[in-house]
Amino acid sequence: MVRSPSPVIAFICLLVSAAALPPAFAEPAEPAEPVDVALAEPQPVQSLETGIADVCGQPLPGDDVPLYDRTHQAMSRGVCWSVDWFDRFFASPDSLLDEPATTLVRVIGAHRWQDDGDMGDEVRVRASVNLPNLSNRLSLTFRNDDDPDDDFATTADTRPEQVGDNEDNTFRAALNWAARQRERDSIDLEVGVRSEFKTFTRGRYRLRLPLPGDRWDFRFTETVYWIDGTGLGTESRFEFARPLTTRTALRLTTEAEHNEDLQERELGWDLSQAAVLYLRLNARTALQYSVSAQGFSDLSTNVDVWRTSLRYRRNFFRRWLFFEIEPFVFWPRVDDYSEVNGVVLRLETQFGVYEPLN
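Computed from a predicted structure; not experimentally measured.

Observations concerning the environment of Lys198
Link 1 in the chain: Mapping Lys198 onto the fold places it in the loop between strand E5 (185–194) and strand E6 (199–210).
Link 2 in the chain: Along the backbone, Lys198 and Arg172 are 26 residues apart, and their C-alpha atoms lie at a distance of 9.4 Å.
Link 3 in the chain: Not counting chain neighbours up to four residues away, the residues in contact with Lys198 comprise Gly192, Val193 and Asp228.

Considering the pairing of strand E4 (residues 172–181)
Link 1 in the chain: With 6 bridges connecting them, strand E3 (residues 138–143) and E4 associate as antiparallel partners. Across the sheet, residue Leu140 finds its bridge partner in E4, namely Leu175.
Link 2 in the chain: The sheet contact formed by E4 and E5 spans 9 bridges and is antiparallel. Among the inter-strand pairings, Ala173 is bridged to a residue of E5, identified as Val193.

Quick word on the nonpolar core
Link 1 in the chain: Core analysis: the biggest nonpolar cluster contains 7 residues, these being Ala110, Val163, Val305, Phe328, Phe330, Val340 and Val344.
Link 2 in the chain: The residues touching Val344, leaving out its near neighbours within four places in the chain, are Ala110, His111, Arg112, Pro160, Val163, Glu324, Ile325, Glu326 and Phe328.
Link 3 in the chain: In this structure, Trp320, Leu321, Phe323 and Leu347 belong to the second largest nonpolar core, which totals 5 residues.

Describing the pattern of salt bridges
Link 1 in the chain: Under the defined criterion, the tally for this structure stands at 19 salt bridges.
Link 2 in the chain: Between Glu161 and Arg307 there is a salt bridge, with the nearest N and O atoms lying 2.6 Å from each other. Here Glu161, found in the loop between E3 and E4, pairs with Arg307, found in strand E12 (residues 303–315); they are 146 residues apart in sequence, far enough to count as distant.
Link 3 in the chain: On the accessibility criterion, Arg307 (6% relative accessible area) is buried.
Link 4 in the chain: Residue Glu324 pairs with Arg313 through a salt bridge whose shortest N-O separation is 2.6 Å. With a gap of 11 residues between them, Glu324 in strand E13 (residues 321–332) and Arg313 in strand E12 connect regions that are remote in the sequence.
Link 5 in the chain: The exposure class of Arg313 is buried, given its relative accessible area of 8%.
Link 6 in the chain: Several salt bridges share partner residues, and in doing so they unite Arg106, Arg311, Arg313, Glu324, Glu326, Arg346 and Glu348 into one network.

Regarding the environment of Met119
Link 1 in the chain: Its place among the elements puts Met119 in strand E2 (residues 119–130).
Link 2 in the chain: C-alpha separation for the pair Met119 and Val163, spaced 44 residues apart in sequence, amounts to 8.6 Å.

Comments concerning a nonpolar patch on the surface
Link 1 in the chain: Residues Leu244, Leu277, Tyr289, Val291 and Leu310 make up a contiguous nonpolar surface patch of roughly 390 Å² in combined accessible area.
Link 2 in the chain: Positionally, Leu310 belongs in strand E12.
Link 3 in the chain: Look at Leu310 and you get partly exposed, because its relative accessible area is 36%.

Details of the pairing of E12
Link 1 in the chain: Judged from the 11 bridges that link them, strand E11 (residues 285–296) and E12 form a sheet pairing that is antiparallel. Opposite Thr285, over in E12, you have Arg314 as the bridge partner.
Link 2 in the chain: One ladder, built from 9 bridges, connects E12 with E13; its direction is antiparallel. Considered in E13, the bridge of Asn315 is made with Phe322.
Link 3 in the chain: The antiparallel pairing of E12 with E13 creates a hairpin that spans 5 residues between the two strands, and Phe317 there sits at a positive phi of about 65°.

Here's the deal with unusual backbone geometry
Link 1 in the chain: The backbone of Phe317 sits at a positive phi, close to 65°, despite the residue not being glycine.
Link 2 in the chain: Checked against the element boundaries, Phe317 lands in the loop between E12 and E13.
Link 3 in the chain: One non-glycine residue, Asp336, lies in positive phi territory at about 55°.
Link 4 in the chain: On the secondary structure map, Asp336 appears in the loop between E13 and strand E14 (340–352).

Overview of the confidence of the model for the chain
When pLDDT is low, close inspection of the predicted coordinates is not appropriate.
Link 1 in the chain: Of the residues in the chain, 66% have a pLDDT of 70 or more, and the chain-wide mean is 75.
Link 2 in the chain: Across the chain, E13 holds the top mean pLDDT of 95, while helix H1 (residues 7–18) sits lowest at 38.
Link 3 in the chain: Below a pLDDT of 50 lies the segment residues 1–55, which in the model reaches 122 contacts outside its immediate sequence neighbourhood of four places, other chains included.
Link 4 in the chain: Every residue in residues 85–99 scores below 50 in pLDDT, and together they form 19 contacts with partners more than four places removed in sequence or on other chains.

Things to note about the side chain of Arg237
Link 1 in the chain: As for its position among the elements, Arg237 is in strand E8 (residues 231–243).
Link 2 in the chain: Of note is the side chain of Arg237, whose polar atom sits 2.6 Å from the side chain of Glu255.

Parameters and conventions
Residues numbered from 1 in each chain as written. Predicted model: local features only at pLDDT ≥ 70, side-chain atom pairs only at ≥ 80, totals over all residues. Heavy atoms only, no water. Helix = DSSP H or I, 4+ residues; strand = E, 2+ residues; numbered from the N terminus. Contact = heavy atoms within 4.5 Å. Pairing = 2+ DSSP bridges. Core = buried A, V, L, I, M, F, W, Y, C linked by side-chain atoms within 4.5 Å. Buried < 20%, exposed > 50% of the residue type's maximum accessible area, 1.4 Å probe, protein only. Salt bridge = Lys/Arg side-chain N within 4 Å of Asp/Glu carboxyl O. Patch = residues over 30% accessible without salt bridge, like charges linked within 9 Å, V, L, I, M, F, W, Y side chains within 5 Å. Areas by Shrake-Rupley, 256 points an atom, 1.4 Å probe, with all protein chains shown as cover. pLDDT = per-residue confidence, 0-100. Polar contact = N/O pair within 3.5 Å; in protein donor to acceptor, adjacent residues only side chain to side chain.

Here it is as structure tokens:
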């Protein structure tokens, strides 16, 4: 029996097809400097084609502006004003600080299809809030999923075969304090609450050093945490990155994680290795090609899964709207490394105060 396409994938495909239309605004000039190794990661962008950078301080547009623009700006203003009120409510009466609180909310819908019949749908919400009147080093984060493995993940850690596997009705909220911020290293502390009112706390140290020759960049991250239900744990990350041309960059990442839960299950360390190539096609489009392996240091010491994917990300139609197409292949050890093919479609909408697109 042929399975009919889900409404989610049909809707995303419709929006993807709209990307072929002429853009609503001119292409910005291409940058001359080398591409950043994080070019494929989501970037805040300006919210409207009218040039409004601070949607909180601007009136709503008139009736001549399309309904979707007016709706988007109204939602962005609502998010920003509520956060700004909270920040100023707790500010000192004698404070002369006039910097507004900034908010970025990302809503990401995704659909996963695989040729073995497995499918998954999810909608993720990511919200980050900076509160300058409370402290220049304080920020709040909120997300509607409770996945401990995805807390500090970057797009280099993409595991497309897991899209839609998280349970519904979960959340995670945290207060982050940047204890030290220097050019080459930083320390931040985080406390928060998870689903079912479980708590967690983390401490993270990050070091960034240019290697001799100024071509390779080395980054080291060490995280120590305690998570209710997982226990005490630590995660180490080693990254080597370098630009190859003005449009391409390479990143090599090695991760090792250990906690009480892994120890009880006799899995040892959770180890992963990834190589990611970034390619910037133009100011609004980027590609990310990744190859990775992941496994546990148990008695078998075999790789649990090999995976590779090609992630295409484009800003289209409006500067707060993105779509992604990520075809992937993975080889799980539980199936004797049989090949499984699939594709993930994503649609992202951003709300809040944005920086201009560059």
